[in-house]
Amino acid sequence: MTKTAFITGINGMDGSHLADLLLTKGYKVYGMERRSSNANDVNTKHLKDDITILNGDMTDQNSLLRCLKECNPDEVYNLAAQSFVGESWNTPEHTSEVTGIGVLRVLEAIREFNPKIRFYQASSSEMFGRMVENPAKETTPFYPRSPYGVAKLYGHWITKNYRESYNMFACSGILFNHESERRGIEFVTRKISDGVARIKLGLADHITLGNLEAKRDWGYAPDYVKAMWLMLQQDTADDYVIATGETHSIREFLDVAFKYIGINNWALYIKQDPRFMRPAEVDVLRGDYTKAKTQMEWNPDTSFENLVKKMVDNDLELLKKDI
Ligand code: NAP
Ligand code: G4F
């Protein structure tokens, strides 16, 4: 029997990769987008004949309920969020509304419409923040360091609470950083791959960044959306850390990206600006994905080096089209 999935945040990086995956599995896919004055479909243009877009907003309870009534899904993937950590200090209230309380709204809509729907919440390694244990696993205490991390923690606990209160099949994936060719341009990996490609093509002579010492556990988004789907196919609802187990600094990312285009002395091309520093930094993130590996047979397939090279290759191709 054909399953139906409803994805919030369809136009985001993960939403579009998840839609790609679910279509290959024969799902009927509905995605939610919010109103925008300009089309925001760069990641989903290729899907327009294969999925159905519904309009709604994470800050509007009735719109979420209407979306569920319209598509009657078996599975809901809640990927919508104000997902940029840096922005969360500028708009902490908005971030809390969308990224935190928004999760409650989706859960309430499910509870009212059909509590048998399986629910995935996009939790984040930002909840570990100032890591109490390295690598972090499902039982590691949380210590968020940004309004975004605090909002995600609310979303995480309310998901667990609805599972325990109403016996709903509600799971959280605690995903460590994952990137792809579709990553938003303000995130550091895409900013670097785009900047490096511009330098290679003679379109720019430097990249301006913030803290180069921070370390992240970076994986490849198409590998990570498989884990989201797997969580909703298990016999019981649970929470899982999804990570690579490796951590690399921004400097290492720069090193691989620049060397790939033939530049070794890359420091000459980097400027630093306090504008890109954060009031409270997460210095290092690294995850232990043993539970996902043993219980769901999930593994990350793409290495750090390949991830960087794929992103640089993609930006080179995109920019060449405009020259
Ligand atoms: P993304 O590219 O920023 O996508 C987020 C999506 O949420 C966008 O499509 C955005 O729509 C939508 N959205 C924002 N505010 C909304 C609102 N008020 N109503 C409806 N939709 C709204 O993020 P991503 O990297 O794909 O991440 C997907 C989810 O996983 C997010 O919840 C993120 O916090 C979480 N997460 C990401 C990572 C990671 O490393 N990527 C790791 C852990 C957790 P617009 O296009 O209109 O802005
Ligand atoms: O790429 P970032 O903005 O990602 P961040 O803050 O780790 O958040 C991402 O991963 C989270 C999972 O851990 C997600 F929940 C979240 O939604 C998002 O997808 O920054 C990474 C690091 C930070 O330490 C930042 O200070 O890069 C450092 N950085 C240095 N220069 C910079 C810059 N970050 C950005 N965005 N821009 C810079 O110029």
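Residues numbered from 1 in each chain as written. Chains lettered and ligands numbered in written order. Predicted model: local features only at pLDDT ≥ 70, side-chain atom pairs only at ≥ 80, totals over all residues. Heavy atoms only, no water.

Caption draft 1: Looking closely at the pairing of strand 1 (residues 4-8). Most of strand 1 sits inside the fold, with five of its five residues counted as buried. Neither face of strand 1 is open: one carries Thr4, Phe6 and Thr8, the other Ala5 and Ile7, and all of them are buried. Note: strand 1 against strand 2 (residues 28-33), five bridges, orientation parallel. Within strand 2, the position partnered with Thr8 by the bridge is Met32. Regarding topology, helix 1 (residues 13-24) serves as the crossover connection from strand 1 to the parallel strand 2, and that connection is right-handed. Pairing of strand 1 with strand 4 (residues 75-78), which is carried by four bridges, proceeds in the parallel orientation. Across the sheet, residue Ala5 finds its bridge partner in strand 4, namely Glu75. (Buried < 20%, exposed > 50% of the residue type's maximum accessible area, 1.4 Å probe, protein only. Helix = DSSP H or I, 4+ residues; strand = E, 2+ residues; numbered from the N terminus. Pairing = 2+ DSSP bridges. Right-handed = clockwise from strand over helix to strand, strands pointing away.)

Caption draft 2: Spatial organisation of the site of ligand 2. Near ligand 2 there are 23 residues, and of these Ser124, Ser125, Tyr148, Arg278 and Glu281 occur at the shortest range. Between a nitrogen atom of ligand 2 and a main-chain N or O atom of Gly210, the distance comes to 2.8 Å. One nitrogen or oxygen atom from the side chain of Arg216 is found 2.8 Å from an oxygen atom belonging to ligand 2. Its free accessible area being 710 Å², ligand 2 has 96% of it covered by the protein chains. Among the residues forming the shell around ligand 2, the class breakdown is ten nonpolar, six polar and seven charged. Per-domain counts for the shell around ligand 2 show at least three residues from each of domain 1 (4-178 + 219-242) and domain 2 (183-216 + 247-285 + 302-322). (Near = heavy atom within 4 Å. Polar contact = N/O pair within 3.5 Å; in protein donor to acceptor, adjacent residues only side chain to side chain. Areas by Shrake-Rupley, 256 points an atom, 1.4 Å probe, with all protein chains shown as cover. Nonpolar A, V, L, I, M, F, W, Y, C, P; charged D, E, K, R; others polar. Domains from an automatic or database assignment.)

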